[in-house]
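For reference, the chains in residue letters:
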Amino acid sequence: MSDEQLELRWDPRPGDWGDALRAVTPLYRWSPWFATALTTFGAVLVVLGTLPAGIFGMVFGLIIALLPVLDVYISFRRNPVAAATVTATADESSMRMMTIDGTAYTDLRWSSLAGWLETNRSFVLRTGESTSLFPVPNRAFGAQEERRRFRELLERQVGPERR
């Protein structure tokens, strides 16, 4: 058990939100696959000479691929504190996050988390509510050692990773 605090800092990006949503929301996770299938099916129809149906499939495949990306980007841009630099302190009891300008503060108690998971880009912390996600991007950590310590802290306080 460690009494040391981890000090983190990052500049949020729309990709952080997108990564978190893809990790926990089936619509965001599967939309690229549906888009690829629909676009491929549309291209096959065009090759077979069914131009209107083929174009329809390809256009809607593109729309299905773009909608989640646009949704994340627009939501990120509309949120007044979304792009503000975040500092965080994680210890055995909680993770305290605050924007540098002081406009947002969260004291996320480990006991309030329903689970967590690690992606290639970040750690995603989930509360019991489906809309409450807290992505902590890998760039928040100064070194691999800090990422390892954070993962161990999550395993101790929240439990094993749950997808």
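Residues numbered from 1 in each chain as written. Predicted model: local features only at pLDDT ≥ 70, side-chain atom pairs only at ≥ 80, totals over all residues. Heavy atoms only, no water.

What to know about the pairing of strand β1 (residues 6-10)
Using the following cut-off: Note on classification: 1.4 Å probe, protein chains only; a residue is buried when its accessible area is under 20% of the maximum for its type, exposed when over 50%, partly exposed between these limits. The secondary structure listing takes helices from DSSP runs of H or I that are at least 4 residues long and strands from runs of E that are at least 2 residues long, numbered from the N terminus. DSSP bridges decide pairing: two strands pair if at least two such bridges lie between them.
Only one face of β1 is covered, namely the one carrying L6, L8 and W10; the face carrying E7 and R9 has none of its residues buried. Alignment of β1 against strand β2 (residues 86-90), held across five bridges, turns out to be antiparallel. Residue pairing for β2: W10 is matched across the bridge by V86.

Remarks on the nonpolar core
The tendency in soluble globular proteins is for nonpolar side chains to be buried as a group. The condition is simple: Buried residues of nine kinds, namely Ala, Val, Leu, Ile, Met, Phe, Trp, Tyr and Cys, make up a nonpolar core once their side-chain atoms join them within 4.5 Å. We call two residues in contact when some of their heavy atoms are within 4.5 Å.
L8, W10, M95, W110, L125, V136 and F150 are the most contacted members of the largest nonpolar core, which has 21 residues in total. Counting only elements with at least two residues in this core, the list comes to β1, β2, β3 (94-99), β5 (113-118), β6 (122-127) and α4 (144-157). When neighbours within four sequence positions are excluded, V136 is seen to be in contact with L8, W10, M95, S122, F123, L125, F141 and F150.

Considering the pattern of salt bridges
Which entries qualify depends on this criterion: Counted as salt bridges are all cases of a side-chain nitrogen of Lys or Arg within 4 Å of a carboxyl oxygen of Asp or Glu.
Counted by the stated rule, this structure contains 10 salt bridges. Two residues, R96 and D91, come together in a salt bridge whose shortest N-O distance is 2.7 Å. Using a relative accessible area of 14% as the deciding quantity, one classes D91 as buried. Measuring nitrogen to oxygen at the nearest pair gives 2.5 Å for the salt bridge that ties E152 to R148. Residue E152 and its partner R148 are both found in helix α4; the two are separated by four residues, about one turn of the helix.

A look at the packing of helix α1 (residues 14-24) against helix α3 (residues 51-78)
Note the threshold: The convention used is that axes are lines fitted to C-alpha atoms, helices contributing only their stretch in contact, and that angles between N-to-C directions extend from 0 to 180 degrees. In this scheme, roughly parallel covers angles under 35 degrees and roughly antiparallel covers those over 145, while 65 to 115 is roughly perpendicular and the rest are oblique. Rotating anticlockwise by less than a right angle from the far helix to the near helix defines a left-handed crossing, while the corresponding clockwise rotation defines a right-handed one. Any residue that is not Ala, Val, Leu, Ile, Met, Phe, Trp, Tyr, Cys, Pro, Asp, Glu, Lys or Arg is counted as polar, Gly included; the first ten are nonpolar and the last four charged.
As a packed pair, α1 and α3 sit with axes 9 Å apart at the nearest point and diverge in direction by 130 degrees. As summarised for this structure, α1 and α3 are arranged oblique, according to the angle between their axes. Two packed elements cross with a definite hand, and for α1 against α3 that hand is right-handed. Facing P14, W17, G18 and L21 of α1, the residues of α3 in contact are V72, Y73, S75, F76 and R77. For the contact of α1 with α3, a count of residues per class yields six nonpolar, two polar and one charged.

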